[in-house]
Amino acid sequence: MAQSRRNITYEVHARRGTRWEIHARFEADGRNLALAQAKAVNRRSGIRAVRVVKEIYDPDVGIAQEFIVYKSRMPGRTVAGKDGGAPRRPLVRRSLDHILAAPPAIGNIISSLFRTVVMSPYWAILPRALLGTFAAFFSAVLVTGIVAYALDDTSPAASPRGGGGLGVLLFVFAGIFLVGALAMAFVLTTGTGRPFSTFAWPRAVPLRRAPAAGSMVRLRPPRASAPRPTPMRRAEGPPSLPKPAEELRGLLVNYLRQVIQPARGAYDLGDTNIRFGINLFVAGACEGLCQKKGVDAPTTAAVMAAGLRAVGVEADHAASLAANYVGHLISDTRYMTIFGNGRQAVLAHLAGRADSADMLWRALDDWTVPQARKDARGLVTVMFTRMIGFEDIVGAHGDEKARRIVHDHNQMVEHRLIEFRGKRIKHIDSGTMAAFMNGPDAVRAAIAIRSDFFEYTRQMPEHTLSIGIGLNCGQPIAEGNDLFGSSVQLAARIAGVAKPGQVLVSLALREQIAAEVPRSTFAACGPLDIKGFDDPVPLYEATGL
């Protein structure tokens, strides 16, 4: 029997801000060195926590396992800094945990502490307890006064001025006050009261490294006795959807549960920027799933809203984002990128790829890079495709044949949109409208679509079917999930005048691509008279990029 070749290493992880980083790595005999290094790192300024992870990797089966052998600063424990720093109180640590990623102003710290105290359920009980105590005291005084008035006409020994009467009054007062206090306690402990919102504090979890793609996956599920806060919970009940949409919602939510777990160990999911990136990733995953299953736009919007609610978005905001997410995508290149990452991730999941569960935290790696934001806002490139000769096929072979051709065309276009980070906006007659945040990628996608369609029509020599593509760049207007404006209208007109096999671009797009890709080549095809534009429009055919 062959001997197992398991590789054992010890990694020291240090947490700075909201992320765990690998600080050092030791071989199998370096366990004590790793522990000593972790304790030394824990004393440094800026380190919030450290842990030592033992990784066991078996190359024969391609499985890696990880176990935490040491972890500092357990939650809820007061830890004094060994470098002379003041100890942290649990309340302060919980209050500031979500804003320690960046140096906050003193006003933010005070407001965060105030919100934490005020929003606490125990603080909410205090005014009701005071009110109940006052009510019990007032009732006891009132009843005691009535009893004293009733005893005033009795014998002097039993009157309030006598010793026996005073004892009766004290007994009555204590009894009434005790009954009121018990009633107050019963109401506070068993009554529903007003629900108070609380913060969900994400906790780091053990991770393992997949050897094939170098990705991180969840090692163990959370303990049933101590459930962890998770953004997968929903404040409202599940939406009422038709059966096909409900099945898609179930598939989407199950996949989101898989991708959220690895991301929780590396990022603070309570951070606003991180959560917005996750929302765009979810929107992309939903669109990819619905397009793969062939559902219509209203069903896609309903499933997307349900998926957004599954990751903690309120119902109104989820419905609004599902109905207007295209406006976000064309406002920032990073938005389109992480949306495309979500679409690729769910398609990888449907294809059975093992690394599909790690694609969210890998997408968040790019999402959180500050250098990617300097050129976030740019021109949007709009592309229209048009099948030339499609009307003849409809007249000669009927709707069924035309429907199959449209389906094949859409599949080819969608494949290239995923590859070149484009977004399909809608289908128009015998073509498609798409948007890109990168001009060269849009032209590359158009050239690839033309080649794919040429190979497709070679299998149908009896048909004279070809494709023409038009592109233009600008800043369109987003309304709902559609785009409007003169830049969109010009791109549609350019596709309308494109001859079979041509990829025509406007002057603005040609100048943008020439500045970014000096080796690109274009052939002049104009100026041409285009409907809706007073002056002739210069056009160029893309021949190489």
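Before reading on, note that the structure itself is shown above.
A. Focus on the pairing of strand S13 (residues 503-506). Residues Val-503 and Val-505 line one face of S13 and the alternating positions Leu-504 and Ser-506 line the opposite face, and both faces are buried. Pairing of strand S10 (residues 466-474) with S13, which is carried by three bridges, proceeds in the parallel orientation. Across the sheet, Gly-470 pairs through a bridge with Leu-504, a residue of S13. Inspection of the sheet shows S13 paired to strand S15 (residues 539-544) by three bridges, in the antiparallel sense. The partner of Val-505 across the bridge, within S15, is Tyr-540.

B. Region of the structure containing the environment of Asp-268. Secondary-structure assignment places Asp-268 in the loop between helix H6 (243-266) and helix H7 (272-293). Looking at Asp-268, the relative accessible area reads 5%, which means it is buried. Residues Asp-268 and Thr-18 lie 250 residues apart in sequence; the distance between their C-alpha atoms is 5.3 Å.

C. Main features of the pattern of salt bridges. Throughout the structure, instances matching the rule amount to 16 salt bridges. Arg-444 is paired through a salt bridge with Asp-441; the nearest N and O atoms lie 3.2 Å apart. With Arg-444 and Asp-441 both in helix H13 (residues 439-458), this residue pair falls three residues apart, about one helical turn. For Asp-441, a relative accessible area of 11% puts it in the buried group. Salt bridges linked by common partners bring Glu-287, Arg-343, Glu-414, Lys-423 and Arg-424 together as one network.

D. A look at the sheet that holds strand S7 (residues 380-388). Pairing is mixed across the open sheet formed by seven strands, whose spatial order is S8-S9-S7-S10-S13-S15-S14. Lying at the two open borders of the sheet, with one neighbouring strand each, are strand S8 (422-428) and strand S14 (521-524). Direction aside, the axes of adjacent strands within the sheet are offset by 30 degrees on average. Against the sheet, helix H12 (residues 390-419) engages S7, S8, strand S9 (431-436) and S10, with an angle of about 150 degrees to S7.

E. Layout of the pairing of S15. Among the six residues of S15, five are classified as buried, and the element is accordingly described as predominantly covered. Of the pairings in the sheet, the one linking S14 to S15 comprises four bridges and is antiparallel in character. If you follow Phe-522 over to S15, its bridge partner there is Ala-542.

F. Molecular detail of the packing of aromatic side chains. Counted according to the given criterion, the structure contains eight aromatic pairs. When the ring of Phe-134 is compared with that of Phe-138, the centres are 6.4 Å apart and the planes differ by 20 degrees; the resulting orientation is stacked. A residue pair is termed a helical-turn pair when its members lie 3 or 4 positions apart in one helix, as Phe-134 and Phe-138 do in helix H4 (residues 121-151) at four residues. When its relative accessible area of 55% is taken as the criterion, Phe-134 is described as exposed. The rings of Phe-137, Phe-173 and Phe-177 are connected pair by pair, giving a single aromatic cluster. Seen from the ring of Trp-367, Arg-334 lies directly overhead, with NZ or CZ sitting 4.3 Å from the centre.

G. Just helix H1 (residues 31-42), in detail. Compared with the 16 Å implied by 1.5 Å per residue over 12 residues, the 17 Å span of H1 between its first and last C-alpha is a close match. Within H1 the residues assigned to the buried category are Ala-34, Leu-35, Ala-38, Val-41 and Asn-42. An end-on view of H1 places all buried positions within 130 degrees of arc, on one side of the element. Residues Asn-32 and Leu-33 are exposed on H1 and point more than 90 degrees away from its buried face.

Conventions adopted
Positions within a chain are numbered from 1, following the residues in the order the chain's sequence is written. Residues qualify for local features only when their pLDDT is at least 70, as the model is predicted, and side-chain atom pairs are given and counted only at 80 or more; totals for whole chains, interfaces and linings, by contrast, use all residues. To get the side-chain values, take all heavy atoms of the structure and skip hydrogens and water. Three labels apply to residues, based on accessible area from a 1.4 Å probe with only protein chains included: buried if under 20% of the type maximum, exposed if over 50%, partly exposed otherwise in between. Comment: elements are numbered from the N terminus, with helices defined as DSSP H or I runs of at least four residues and strands as E runs of at least two. DSSP calls a pair of strands paired once it identifies at least 2 bridges connecting them. One side-chain nitrogen of Lys or Arg within 4 Å of one carboxyl oxygen of Asp or Glu is enough to make a salt bridge. The axes used here are C-alpha line fits, helices contributing only the stretch in contact, and every angle between their N-to-C directions lies in the interval 0 to 180 degrees. Contacts are assigned to residue pairs with any non-hydrogen atoms lying within 4.5 Å of each other. Pairing of aromatic side chains here covers Phe, Tyr and the six-membered ring of Trp, requires ring centres within 6.5 Å, and sorts the geometry by plane angle: under 30 degrees stacked, over 60 edge-to-face, intermediate tilted. Remark: a charge is flagged as sitting over a ring if the NZ atom of Lys or the CZ atom of Arg is within 6 Å of the ring centre and within 35 degrees of the ring normal. Multiplying 1.5 Å by the helix residue count minus one yields the expected span of that helix. Here the arc refers to the set of directions running from the helix axis out to each C-beta atom.

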